[in-house]
Amino acid sequence: MRNIRKNLFLLIVYSFIIFNLHQVNFSDVPNVKLSWHLGIWIALLFSLDIALSFFHRISIYAAITLWGITYVAFGLLLQFLGFQQINAQIMILEIFLLAVAVILSREISSNLAEVDSTLDKLFLSAFSGRTSTLEAIAEDVKLELTRSRRYQHPLTLLMLEPDPSSLREELKPTISEISNNLARRYTMGSISQIINQEARRTDIIIRESNPDRFIVICPETPSINSQILVNRIITSTQEKLGVPMAWSIAAFPEEGITFEGLLHKAEEKLNDPKQYTLNAQHDDMMGGENHKS
């Protein structure tokens, strides 16, 4: 955090210097000043270097060379078209200022990446230890399906997906003030905690990030009992976070005998507009909120 403050301070000082240098006449000849487009190039440099990962994969010396050559080529083009006369001393000063901008933008980009990594670790800690990725818990899922097939016990797969727009717009004021990405992480961590509070200890909870959703495997649970669980989850999510939830249920063995089959069936239901209507009617019957606006 100290480096961020230092680099932001340097950015302010750098901007102040650039602004004042634009007012300085560097020769006895009138209007020998920094090029009018230097500020545009510096703003473009900062925007691209912070937004695009391409510039982070090349060395800082290569980046300085790339920006320097591009800037000189642009100046020569303007001179060829008659819009500008190049002064060698001014051009050298401008390339130096551009190189400083490259170094400063690289430092700020590194700071932002460090903050992003720290926030990732912070919000991942909000996910309960019971919430895992599919890759980490694949063997447990296979074991439960094998047990259900062998003993002919019911099993249901729940798919819960928050409304994507609500992860940005319908959050409480304290959350909507921060970036969309940070709000998404916070919301998914909060939903994970709600699911862990409502689900049984024997249920398997899976988190997916593309798209943002949760899958809950409920061993020895008929469909009607899973619907009660879904109602508790979406009601609690709506009350605590104000986030609508889309949901679907796929039952073993009626709608699939493999995990992939159940997952496919749940996705079909989740994407079926008719299913939204049925789910909304069920929510009303159970006394909960609509799962999707």
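Model, not experiment: these values are computed from the prediction. (Residues numbered from 1 in each chain as written. Predicted model: local features only at pLDDT ≥ 70, side-chain atom pairs only at ≥ 80, totals over all residues. Heavy atoms only, no water.)

(A) Summary view of the nonpolar core. The biggest cluster of nonpolar side chains holds 21 residues, and the ones touching the most others in it are Tyr-14, Leu-38, Ile-42, Phe-46, Trp-67, Leu-97 and Leu-98. Among the secondary structure elements, those contributing two or more residues to this core are α1 (2-21), α2 (38-51), α3 (60-80) and α4 (88-124). Residues contacting Leu-98, with those up to four places away along its chain left out, are Tyr-14, Leu-38, Trp-41, Ile-42, Leu-45, Trp-67, Gly-68 and Tyr-71. With 20 residues, the next largest nonpolar core counts Ile-195, Phe-214, Cys-218 and Leu-229 among its residues. (Core = buried A, V, L, I, M, F, W, Y, C linked by side-chain atoms within 4.5 Å. Buried < 20%, exposed > 50% of the residue type's maximum accessible area, 1.4 Å probe, protein only. Helix = DSSP H or I, 4+ residues; strand = E, 2+ residues; numbered from the N terminus. Contact = heavy atoms within 4.5 Å.)

(B) The sheet that holds strand β3 (residues 204-209), seen in detail. In space, the five strands of this open sheet follow the order β1-β3-β4-β2-β5, with mixed pairing throughout. Two strands in the sheet have a free side with no partner beyond their single neighbour: β1 (131-132) and β5 (245-252). Both β3 and strand β4 (residues 212-219) contribute to a ladder of six bridges, which runs antiparallel. Residue Ile-204 lies in a different strand from β4, and its bridge partner there is Ile-217. Taken strand by strand, helix α9 (residues 259-270) contacts β2 (155-162), β3, β4 and β5, and its axis lies near 140 degrees from that of β5. (Pairing = 2+ DSSP bridges. Axes fitted to C-alpha atoms, helices over the stretch in contact; angles between N-to-C directions.)

(C) Main features of unusual backbone geometry. Of the consecutive residues Phe-252 and Pro-253, the connecting peptide bond is found in the cis state with omega at 0 degrees. For Gln-152, which is not glycine, the phi dihedral falls at a positive 55 degrees. The topology assignment puts Gln-152 in the loop between α5 (134-151) and β2. Owing to a relative accessible area of 61%, Gln-152 belongs among the exposed residues under this scheme. Even without a glycine there, the phi angle at Glu-220 is positive, about 50 degrees. If you trace the backbone, Glu-220 turns up in the loop between β4 and α8 (223-241). A relative accessible area of 48% means that Glu-220 is categorised as partly exposed.

(D) Summary view of the packing of aromatic side chains. Taken as a whole and judged by the stated rule, the model has three aromatic pairs. For the pair Trp-41 and Tyr-71, a centre-to-centre distance of 5.7 Å together with 85 degrees between the ring planes defines the contact as edge-to-face. In this pair, Trp-41 sits in helix α2 while Tyr-71 sits in helix α3, placing the two residues 30 residues apart along the sequence. Ring pairs connect the aromatic residues Trp-41, Trp-67, Tyr-71 and Phe-74, which therefore count as one cluster. (Phe/Tyr/Trp six-rings, centres within 6.5 Å; stacked < 30°, edge-to-face > 60°.)

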